[in-house]
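Structural overview
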Amino acid sequence: MKKLTLIAALASALSTAPVMSANFITIGTGGQTGVYYQVGLAVCKLINAGKDKHNIECKAPSTGGSVDNINSIKAGQIQFGVAQSDVQYQAAKGEGQFETAGADADLRAVFSLHPEPFTVVARSEANINTFDDLKGKRVNIGNAGSGQRSTMERVMEAKGWKMADLGLAGDLKSAEQSQALCDNQYDAIIFTVGHPNGSITEATTSCDTKLIPVTGAEIDKLVADNTYYTKATIPGKMYKGTDADTETFGVGATLVTSAKVSDDEVYQLTKAVFDDFEKFKKLHPAFANLKEADMTKNMLSAPLHPGAEKYYKEKGWM
Ligand code: GLU
């Protein structure tokens, strides 16, 4: 009799037990032919594989890029985003295009990712061999929320150029610009992006183009003055039309969040990536050289989120 009562009690408890609804997180990425989009897909894949354990479900839509992602995190529309190291720095300090908004005190770093060389691709017949040859040319410098536009503006400022120094300053998104270049709407396009990637492959295989080096005194000064910039090389033969190495400078891609996002969500995301790190690295060729110890500190300027810090301490990485 006692046993039966127990079973009945259990059954009734089970039938009224609340169904746990999942916590949804969104990672802001970039255009679909870039690497940020692949980062979002890779991170979400690893998180969603452990949903039964942590009850977190992840999605990673395409967005306008770094600046868009940081603004959407601040507005509470998304929880995580990929952002260039220079954009992360400027948002955290309230500099550059974030001057009016002021320092974003809630911006938090999670980890850094792949290097992103500042990449210029020009039509072969456009008579462009150096960055300075872009003067007077039709150049797609990127949509307003993108990291490449932000970095391009810094380079132009360093060189003392105005927008009017370009024949045309386009604002196409990264996913649209390779086609536009090959349709001869532009002489050159700009993309701050990990390599190899679909976008630059498209631009270098659909028509005759080449990569243009970005070097010189102003670039040396930008790199010397700012820790979030570094010299970078795009290996020769990676893309059709460019057999020699291309010297340029670049940033690091980073994953950021807000202090308002819970420690558990950030911890679970961090754990999902690093517990399965070998698998993560295989999800895109631009991740091949990632090293755990660098990712916890390099190129990060906003404070680390405590959820990520907890995982790194458990691992003895800090
Ligand atoms: N670095 C670019 C940006 O911030 C995005 C690069 C990518 O899509 O991989 O907008």
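How each quantity is defined
- Residues numbered from 1 in each chain as written.
- Predicted model: local features only at pLDDT ≥ 70, side-chain atom pairs only at ≥ 80, totals over all residues.
- Heavy atoms only, no water.
- 1 Å grid on protein atoms, 1.4 Å probe; cavity = no way out; pocket = protein on both sides within 12 Å on 5 of 7 lines; lining within 4 Å.
- Points joined across faces, edges and corners; volume = space filled by probe spheres on them.
- Nonpolar A, V, L, I, M, F, W, Y, C, P; charged D, E, K, R; others polar.
- Helix = DSSP H or I, 4+ residues; strand = E, 2+ residues; numbered from the N terminus.
- Buried < 20%, exposed > 50% of the residue type's maximum accessible area, 1.4 Å probe, protein only.
- Contact = heavy atoms within 4.5 Å.
- Polar contact = N/O pair within 3.5 Å; in protein donor to acceptor, adjacent residues only side chain to side chain.
- Axes fitted to C-alpha atoms, helices over the stretch in contact; angles between N-to-C directions.
- Parallel < 35°, antiparallel > 145°, perpendicular 65-115°, else oblique.

Glancing now at the layout of surface pockets. Picture a little ball the size of a water molecule; that probe, rolled over the atoms, points out where space is still empty. In this model, the largest pocket occupies a volume close to 470 Å³. Taken together, 26 residues form the lining of the largest pocket, with Leu113, His114, Pro115, Asn289 and Leu290 sitting closest to its centre. Of the residues belonging to the lining of the largest pocket, the class tally is 15 nonpolar, nine polar and two charged.

Let us look at the environment of Gln79. Note that Gln79 resides in the loop between helix H4 (66-74) and strand S3 (80-84). Look at Gln79 and you get buried, because its relative accessible area is 18%. Taking the C-alpha atoms as reference, Gln79 lies 16 Å from Ala272; in sequence the two are 193 residues apart. The contacts of Gln79, once residues within four sequence positions are left out, are Phe24, Ile25, Thr26, Ile73, Val256, Thr257, Ser258 and Val261. There is a polar contact of 2.8 Å between the side chain of Gln79 and the backbone nitrogen of Thr26.

With that settled, consider the packing of helix H5 (residues 85-93) against helix H6 (residues 147-158). With their axes 9 Å apart at the nearest point, H5 and H6 run at an angle of 80 degrees to one another. Comparing their axes, H6 and H5 come out roughly perpendicular. In contact with Asp86, Val87 and Gln90 of H5, H6 contributes Gly147, Ser150, Thr151 and Arg154.

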